[in-house]
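# Observations on the three-dimensional arrangement
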Amino acid sequence: MADIIRLLPDHVANQIAAGEVVQRPASVVKELLENAIDAQATSIKLIVKNGGKTLIQVVDNGTGMSETDARLSFERHATSKIQRAEDLFNLHTKGFRGEALASIAAIAHVEMISKTEVQEVGTHLKIEGSRVVSQEVAVAPKGTSLLVKNLFFNIPARRNFLKSDQVEFRHITDEFHRVALAHPNIAFQFYNNGGELFNLPESDFKKRIVHIFGRKTNEKLVPVEEDTQVVKISGFILKPEYAKKSRGEQFFFANERFIKSPYLHHALLGAFEGLLRQGSHPGYFLKLAVDPATIDINIHPTKTEVKFDDEHTLYAMLRSAVKHSLGQFNVAPVLDFEQDQNLDTPYGHQNRSPSVPRVSVDTAFNPFAETRSVTLPRSAPKKRAQGWEQLYEGLAQREPQTGGSTLTFESEAVSQGFFDREHGDLQPHATTFQLRKKYVVTTIKSGMVIINQSRAHQRILYEGFLKDITIKEATSQQLLFPLQMSFTPSEIQIVKEIKDSLGAVGFIFERIGEDGVEVKGVPVMVSESEVQMVMEQLISDFQLEIPGDSFSQSDMLAKTLAKTLSVKTGEVLDEASQNALVNDLFGCKEATLSPFNKPTYITLTENDIDRKFI
Ligand code: ADP
Ligand code: MG
């Protein structure tokens, strides 16, 4: 048989390599920004259009490249950053593989203009799919401009795989945040579709954080500082009371490189233990400086995972440094005070021993609840109750699905349905009681139903919101004073995208500005104190995934609102609320499942119980 193995042509090899290096537009942004930093730029401009799909440009004032270097830089394994294998263990640059430009040029239309200090004129190169299409001299300032157009133009499958412009843009913004935070001493500008999004002057770490995440961040930061032989830790954590529902603001940098480390994240969680509200995530911006010889950044092509020699020590040091800061800045007692303010005990307080700050956390604590005992339907004002009736209508023909067996309540009135529709009133039909502040239990003819209160309420709210959005007749309550909320530019972007759906459920915006919004109306079921939390949760959910069509957008909005506003485990429900919950749940179209596809209730028949007694 003839020999069949041959070497792949370079452009094919480059395309394959590109698959690893360039996953999406944000990967290109990362590589180009890092190249500019490695070239010692002090000012870097990023320009993107359509989520980076049509254009990504990075302009720097760094060292630039000679004519030969400009040509060579697009060859695979062409790098000025390492020469020997040993250099890998003493890296001071972001790049070292010499793959990025070759990969990008293999799958896009690329233009480079570059000039060094000593050159009179610069070099202008055009490359399309690894092919040099032109090379000219060009008048240019010192530095490099790299323009990447039509990403994946020659790999339609990859191009089609890209998410919406908004999602890709979000990934780019994340990347930009990471790089800009890691290098506060470099000035950055970021333009999106022609508009300036960030103009960050050269500054220090704290100011950079504030410039990116908004003025209000300043007062939320607590410094962390620890200098040991193994590691120098510096940076900031967000005070626990500002912990967000989203995981957004969590940044570790190792030697000025953004890294992901579930292990070190765990150390942080440990330090914050007992100080966070349930479901909120600590925010941190922490820099670790270690000897480059003790860190391996070679294990992943996109280089966000690293390996430290002495992870255990690092873990312990990080945890104790953060704990120390939390203690030193007296963060813990503040939270304690917040928790107790409901108790209103000014006199007794004088006699309390001041020396023992108690930091026990009641996991059921809901800082947004006005009262501890929740009255349902706080969420179902009159109008909604009428709405529910329509939902019940279907029940006449359709027996509710109860996981196989038909559910019939014990009282006579119910046997026709679950409630007395004739009187339009939701009457309690059977005794209910609450079990462990988590379940509502009630009897049915064949035995009992155990309802998960939180999931059931989610289902009820979800269907209500979905209906509001679809028929666009939600009522909004006007706020006496419009609420000001500050958000980062990327968060504002999301608010703009979902503004119409938010309007449909009752949010009315007075203004959506550069760094914040003014809300003058909110859905009837959202209390003023909940608005901030609801908005944060919405933004954080939409940050993770922007739904493509308007139906999924409505669906997601309804889900998020339901999740955020539903009663939680740990909340006490009075009897009327328990009854309303039971009735409303079984009035739902899809009573068996929560909007997140978890069972809302289970039934225990007499038979099931009998069997336990055998
Ligand atoms: P790496 O960064 O891993 O070396 P790249 O493919 O990203 O590989 O870049 C190849 C080479 O091109 C770099 O080593 C550097 O010498 C040069 N280069 C790339 N971008 C720039 C830039 N913006 N300014 C100056 N030189 C650059
Ligand atoms: Mg590089």
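Before going into details, it helps to say that this report is about the structure given with it. Predicted model only: the values in this text are computed from it and were never measured.

## Observations regarding the overall build of the protein
Assigned secondary structure in the protein consists of 19 helices and 24 strands. Within the protein, the fraction of its 614 residues that count as buried is 50%. Restricting to contacts in the protein with at least 6 residues of sequence separation, those with at least 24 account for 70%.

## Considering the nonpolar core
The nonpolar side chains of a soluble globular protein tend to be buried, and buried together. L46 and F188 are the most contacted members of the largest nonpolar core, which totals 58 residues. Mapping this core onto the domain boundaries places at least three of its residues in each of domain 1 (10-200) and domain 2 (212-328). Non-local contacts of L46, meaning those with residues more than four positions away in its chain, are made with V29, L33, I56, Q57, V58, I172, F176, Q189, F190 and Y191.

## Re a nonpolar patch on the surface
Taken together, M1, I4 and I5 make up a surface patch of nonpolar side chains, about 480 Å² in accessible area. Overall, M1 belongs to the exposed group, its relative accessible area being 92%.

## Things to note about the site of ligand 1
Neighbouring ligand 1 are 19 residues; N35, T79, S80, K81 and G98 lie closest to it. At 3.3 Å from an oxygen atom of ligand 1 is found a main-chain nitrogen or oxygen belonging to A100. Taking L101, its main chain carries an N or O atom lying 2.9 Å from an oxygen atom of ligand 1. Summarising the interface, the protein chains cover 92% of the accessible area of ligand 1, which totals 530 Å² for the free molecule. A per-class count over the shell around ligand 1 returns six nonpolar, nine polar and four charged.

## Focus: the side chain of Q434
Tracing the chain through its elements places Q434 in strand β17 (residues 432-435). With relative accessibility at 19%, the residue Q434 sits in the buried group. A distance of 2.7 Å separates a polar atom in the side chain of Q434 from the backbone oxygen of E571. In contact with Q434, not counting residues within four places along its chain, are Y439, V440, Q453, E571, V572, L573 and Q578.

Basis of the calculations
- Residues numbered from 1 in each chain as written.
- Chains lettered and ligands numbered in written order.
- Predicted model: local features only at pLDDT ≥ 70, side-chain atom pairs only at ≥ 80, totals over all residues.
- Heavy atoms only, no water.
- Helix = DSSP H or I, 4+ residues; strand = E, 2+ residues; numbered from the N terminus.
- Buried < 20%, exposed > 50% of the residue type's maximum accessible area, 1.4 Å probe, protein only.
- Contact = heavy atoms within 4.5 Å.
- Core = buried A, V, L, I, M, F, W, Y, C linked by side-chain atoms within 4.5 Å.
- Domains from an automatic or database assignment.
- Patch = residues over 30% accessible without salt bridge, like charges linked within 9 Å, V, L, I, M, F, W, Y side chains within 5 Å.
- Areas by Shrake-Rupley, 256 points an atom, 1.4 Å probe, with all protein chains shown as cover.
- Salt bridge = Lys/Arg side-chain N within 4 Å of Asp/Glu carboxyl O.
- Near = heavy atom within 4 Å.
- Polar contact = N/O pair within 3.5 Å; in protein donor to acceptor, adjacent residues only side chain to side chain.
- Nonpolar A, V, L, I, M, F, W, Y, C, P; charged D, E, K, R; others polar.

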